[in-house]
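Observations on the model geometry
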Amino acid sequence: MASFLYASILALRPKVVVETGIANGISTNVIMKALEITGGTLHSFDVDQKTANVYVGNGKWEFHLLHGNLKRTFRRKIAELGEIDYWIHDSNHGFS
């Protein structure tokens, strides 16, 4: 998966990338390594504040903490981004 993400970002050169779910930050860092080369921005969404510091490089990374009414908050923040070129959905699909 990491190789696919890296190669596809380099090939497609998206300007705005959205990632839902950060966990331990492996995908975030792989995506950011490619975006550091291409110049795009990654917007990562998660419900856990502990994931706010998984990337410490020099690329354009925006962390978005979701809280309260998750669906409404997420929709509002996504609408603010405008056009999205690449979306990685890797979230917990459990019910809590």
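Refer to the preceding data block for the structure.
Cut-offs used in this document
- Residues numbered from 1 in each chain as written.
- Predicted model: local features only at pLDDT ≥ 70, side-chain atom pairs only at ≥ 80, totals over all residues.
- Heavy atoms only, no water.
- Helix = DSSP H or I, 4+ residues; strand = E, 2+ residues; numbered from the N terminus.
- Buried < 20%, exposed > 50% of the residue type's maximum accessible area, 1.4 Å probe, protein only.
- Phe/Tyr/Trp six-rings, centres within 6.5 Å; stacked < 30°, edge-to-face > 60°.

Things to note about unusual backbone geometry
- Positive phi values are uncommon outside glycine, yet arginine 13 reaches one of about 50 degrees.
- Summarising the element assignment, arginine 13 is placed in the loop between α1 (2-12) and β1 (16-20).
- Taking relative accessible area as the criterion, arginine 13 reaches 48% and is therefore assigned partly exposed.
- Here the phi dihedral of alanine 23 falls at roughly 55 degrees; this positive angle occurs in a residue that is not glycine.
- Following the sequence through the fold, alanine 23 ends up in the loop between β1 and α2 (26-38).

Quick look at the packing of aromatic side chains
- A complete count under the given rule lists four aromatic pairs for this structure.
- With a centroid separation of 6.0 Å and 70 degrees between ring planes, the pair formed by tyrosine 55 and tryptophan 61 is classed as edge-to-face. Across the pair, tryptophan 61 and tyrosine 55 agree in class, each one buried.
- Residue tryptophan 61 is classed as buried on the basis of its relative accessible area of 14%.
- Taken together, the ring pairs in this structure connect Phe45, Phe74 and Trp87 into an aromatic cluster.

Limitation: the analysis is restricted to geometry and does not speak to function.
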